[in-house]
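# Notes for the structure review
Each chain is listed here by its residues.
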Amino acid sequence: MRIQRQMRIAGIYPPRTHRDLVFYLLPINIPRNSHLRRLTSLAMDKLGITRDDRIIIVMGPTGAGKSTFISYATGDEGQDIGHSLKSFTRDIIVRKTIIKGESFALIDTPGFNDTTRSDYEILGEIAAFLTAAQKGRYRLDKLLYLHRISDNRMAGTPLRNLELFASVCGNVAMPNVTIVTTMWNLVTPQIGEERVRQLRESFWTQMINGGCDITKFRDSRPSAEDIIGQKREAQTTLLAQELVTKGKNLNTTAAGIMLSKQLEKLLQDEKASSLKLQQLSQQQNNAAARQHLESELNDIRKSISQKVSELGQLHRSFLDIILGWFYNAQTPAIQGPAQISS
């Protein structure tokens, strides 16, 4: 009641903003760090995660098989189950399971090529979870990156996902990273092994040099158990370190800078298209080509406008991310752990 009276006097009751909510929920005489640690604990409680859980982050492009992998790991093959937080963390899904007597929390994250939200929103969701795990001293055991071995080239969306994943992890977390190749049933063993060799010698080289492992997922429960059950020393990520320890805003982290490069690429495309249009305008009998280029240029400019707007979402501090996550969270239905093996 005392806190409510003080908030009414201050004109912030009922709470309307993230910072209002902190004063409403927590005693006002608690030091700032204790405030945040307690707040992150409350948020993780909503996800059903405890400090006894070994946390496994599962990332990769949409369609790489993340949900399938987790379903096998939890013994729910083919079933769409689990619980998630809506709004700010609406697509971070937590599945709990027991493997050889140990409790695991598997975190299914959205791919950066999601069709319903921008990459900036998705990075914010992942940043919220990682910063909460670090600030609340939860055990981040391993980060898995799933890659379809059926893809015959590494470009566009798969490459962008890999680069963003690497920038989230950084060298500090690379020894806790495993690249998991999936969908081996869609290629012959010879083709699959050749693709792995090529990826090891090109796109994965830097991550391997940093201590990353490479393994295959065989679409079975024992295979999933072997991948997530290997013991690792609990570690943080570069993204969480930048936000929590170094006090950076999301836009100045390595992952935020990586996303900003997409805008630079669009600006280069606009410049090239404008130059082509200028050259065509000096020629006759090129009306169709000029119309096509004008349409392309308009699309590029719309994309630039959208990216500029989305970039504003990255100008957030660790405090804003955590408070936003907790304030918007809805309590999920908690599913009990599944026993895989003893």
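The preceding data block contains the structure.
What comes next is a walk through the structure.

Parameters at a glance
Residues numbered from 1 in each chain as written. Predicted model: local features only at pLDDT ≥ 70, side-chain atom pairs only at ≥ 80, totals over all residues. Heavy atoms only, no water. Helix = DSSP H or I, 4+ residues; strand = E, 2+ residues; numbered from the N terminus. Buried < 20%, exposed > 50% of the residue type's maximum accessible area, 1.4 Å probe, protein only. Contact = heavy atoms within 4.5 Å. Areas by Shrake-Rupley, 256 points an atom, 1.4 Å probe, with all protein chains shown as cover. Pairing = 2+ DSSP bridges. Right-handed = clockwise from strand over helix to strand, strands pointing away. Disulfide = S-S within 2.5 Å. Salt bridge = Lys/Arg side-chain N within 4 Å of Asp/Glu carboxyl O.

Attention shifts here to the overall build of the chain. From N to C terminus, the chain includes 13 helices and eight strands. Counting only residues that meet the buried cut, the chain has 48% of its 342 residues in that class. By sequence separation, contacts in the chain at least 24 residues apart represent 76% of the contacts at least 6 residues apart. Within the structure as shown, the chain displays about 16,500 Å² of accessible surface, and the carbon and sulfur contribution to it stands at 49%.

The next thing to look at is the pairing of strand β5 (residues 140-148). With respect to burial, β5 is a largely interior element, nine of its nine residues being buried. Bridging between strand β1 (residues 54-59) and β5 involves five bridges; their strand directions are parallel. Paired with isoleucine 56 across the strands is lysine 142, a residue of β5. Read from β5 through helix α6 (residues 157-173) to strand β6 (residues 177-182), the crossover connection turns out right-handed.

A few words on the state of the cysteines. Here is the idea: a disulfide is a covalent bond, and it sits between the sulfur atoms of two cysteines. Within this structure, the stated rule accounts for zero disulfides. Distance from the sulfur of cysteine 169, which forms no disulfide, to the nearest cysteine sulfur (cysteine 212) is 8.6 Å. Cysteine 169 sits in the buried class, given a relative accessible area of 0%. In this structure cysteine 212 comes out as buried when scored by relative accessible area, which is 6%.

Right, let's talk about the side chain of asparagine 176 for a bit. Locating asparagine 176 in the fold gives a position in the loop between α6 and β6. Dropping the residues within four chain positions of it, asparagine 176 is found in contact with Leu140, Asp141, Lys142, Leu143, Arg232, Glu233 and Gln235.

With respect to the helices and strands, the residue isoleucine 70 is situated in helix α4 (residues 66-73). Residue isoleucine 70 is classed as buried on the basis of its relative accessible area of 0%. C-alpha of isoleucine 70 to C-alpha of lysine 96: the two residues are 26 residues apart in sequence and 9.7 Å apart in space. Each residue touching isoleucine 70, except ones within four places of it in the same chain, is listed here: Val58, Arg95, Leu106, Ile107 and Asp108.

On to the pattern of salt bridges, then. Evaluated as defined, the whole model comprises 10 salt bridges. For the salt bridge of arginine 54 with aspartate 141, the shortest nitrogen-to-oxygen distance reads 2.9 Å. Taken together, the positions of arginine 54 in strand β1 and aspartate 141 in strand β5 put the pair 87 residues apart, joining distant regions of the chain. Take arginine 54: its relative accessible area is 1%, and that puts it in the buried class. Its relative accessible area of 0% is what places aspartate 141 among the buried residues. A salt bridge links aspartate 119 to arginine 160; the shortest N-O distance between them is 3.2 Å. Note that aspartate 119 is positioned in helix α5 (residues 119-135) and arginine 160 in helix α6, a separation of 41 residues in sequence. By relative accessible area, arginine 160 is classed as partly exposed at 26%. In this structure, a network of salt bridges that share partners links the residues Arg54, Glu102, Arg139 and Asp141.

All quantities given are derived from atomic positions and should not be read as evidence of function.
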